[in-house]
Amino acid sequence: TRAHLTRAVYEGVAYNLRWILDSMDQFYGLRPDPLRVIGGGARSQPWLQIVADVTGRRLEVVPQPQIAGAVGAAMLAAVGLGRYPSVEAVKPAIQVREVVEPQLSHQAAYAHLYAAFRQVYPALRPLYHRLNKD
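Here we summarise the structure given alongside this text. From a predicted model like this one, the values you see are computed outputs, not experimental measurements.

1. What about the overall build of the chain?
Assigned secondary structure in the chain consists of 5 helices and 3 strands. N-terminal to C-terminal, the α/β element order of the chain is α-β-α-β-α-α-β-α. Dimensions of the chain, computed from the C-alpha atoms along their principal axes, are close to 50 × 40 × 30 Å. Burial statistics for the chain: of 134 residues in total, 25% are counted as buried. Expressed as a percentage of contacts within the chain between residues at least 6 apart in sequence, the contacts between residues at least 24 apart total 73%. In the chain, 15 positive and 10 negative side-chain charges are present, and the distance between their average locations comes to 5 Å.

2. Some details on the layout of surface pockets
The computed volume of the largest pocket comes to approximately 500 Å³. As for the largest pocket, its lining consists of 18 residues, and the residues nearest its centre are Arg 36, Gly 72, Met 75, Val 90 and Ile 94. At the level of secondary structure, the elements contributing two or more residues to the lining of the largest pocket comprise helix H3 (68-80) and helix H4 (87-90). Broken down by element, the residue count for the lining of the largest pocket peaks at 5 residues, all from H3.

3. Some remarks on the pattern of salt bridges
Under the definition given, this model contains 6 salt bridges. Taking the shortest distance from any N to any O, the salt bridge between Glu 60 and Arg 36 comes out at 2.5 Å. In this pair, Glu 60 sits in strand E2 (residues 59-61) while Arg 36 sits in strand E1 (residues 35-37), placing the two residues 24 residues apart along the sequence. Residues Glu 101 and Arg 58 are paired through a salt bridge, measuring 2.8 Å at the closest nitrogen-oxygen approach. With Glu 101 in the loop between strand E3 (98-100) and helix H5 (104-133) and Arg 58 in the loop between helix H2 (45-55) and E2, this residue pair connects regions lying 43 residues apart in the sequence.

4. Focus on the nonpolar core
Core analysis: the biggest nonpolar cluster contains 17 residues, and Val 37, Leu 48, Val 54, Leu 59 and Val 100 have the highest contact counts within it. Looking at this core, the elements with two or more residues in it are helix H1 (2-28), E1, H2, E2 and H5. For this core, the leading source of residues is H2, giving 6 residues. Apart from residues no more than four positions distant in its own chain, Val 54 is found in contact with Ala 14, Tyr 15, Arg 18 and Tyr 110.

5. Observations regarding the packing of H2 against H5
Think of two packed helices as two axes; the pair is described by the angle between the axes and how far apart they sit. Two elements in contact, H2 and H5, have axes whose closest approach is 8 Å; the angle formed by their N-to-C orientations is 70 degrees. In terms of their interaxial angle, H2 and H5 are classed as roughly perpendicular. Within the contact between the two elements, H2 uses Ile 50, Ala 52, Asp 53 and Val 54 and H5 uses His 106, Gln 107 and Tyr 110. The class makeup of the residues in the contact of H2 with H5 is 4 nonpolar, 2 polar and 1 charged.

6. Re the packing of aromatic side chains
Summed over all chains, the structure comprises 7 aromatic pairs. With centroids separated by 6.5 Å and ring planes inclined at 20 degrees, the aromatic side chains of Tyr 114 and Phe 117 adopt a geometry described as stacked. Taken together, the residues Tyr 114 and Phe 117, both in helix H5 and 3 residues apart, mark about one turn of the helix. Members of the aromatic cluster, connected to one another through ring pairs, are Tyr 15, Trp 19, Tyr 110, Tyr 114, Phe 117, Tyr 121 and Tyr 128.

Basis of the calculations
Residues numbered from 1 in each chain as written. Predicted model: local features only at pLDDT ≥ 70, side-chain atom pairs only at ≥ 80, totals over all residues. Heavy atoms only, no water. Helix = DSSP H or I, 4+ residues; strand = E, 2+ residues; numbered from the N terminus. Buried < 20%, exposed > 50% of the residue type's maximum accessible area, 1.4 Å probe, protein only. Contact = heavy atoms within 4.5 Å. Lys, Arg positive; Asp, Glu negative; His and termini not counted. Charge placed at Lys NZ, Arg CZ, Asp CG, Glu CD. 1 Å grid on protein atoms, 1.4 Å probe; cavity = no way out; pocket = protein on both sides within 12 Å on 5 of 7 lines; lining within 4 Å. Points joined across faces, edges and corners; volume = space filled by probe spheres on them. Salt bridge = Lys/Arg side-chain N within 4 Å of Asp/Glu carboxyl O. Core = buried A, V, L, I, M, F, W, Y, C linked by side-chain atoms within 4.5 Å. Axes fitted to C-alpha atoms, helices over the stretch in contact; angles between N-to-C directions. Parallel < 35°, antiparallel > 145°, perpendicular 65-115°, else oblique. Nonpolar A, V, L, I, M, F, W, Y, C, P; charged D, E, K, R; others polar. Phe/Tyr/Trp six-rings, centres within 6.5 Å; stacked < 30°, edge-to-face > 60°.

Set out below in structure tokens:
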């Protein structure tokens, strides 16, 4: 159904995000937690819960997440102008509207599905290469 396809897209995005987060931790020792969520997807409670469950991270949703990119750019400009001493000093100025916690009861199922997801890319890599060559 349409709902199944939508959930598959949500989960696929969440698995790719987890892959990126795992790589950041593995290669650079960075493990951001909590994650601040911005953009239109931050308005979807089911998507937020899936991302929290797949990544195992707490999500912080900011007010008006659709314009958070512009607000972030303005805050960086404020750092550049000396209004804030550092990027770290800006964080308390950004309010959190909602916190989404990962549900531990979903962790085992998503860990299993994520492992399968990670096996798909190497299996399809030759096909991706061939498709992108033409």
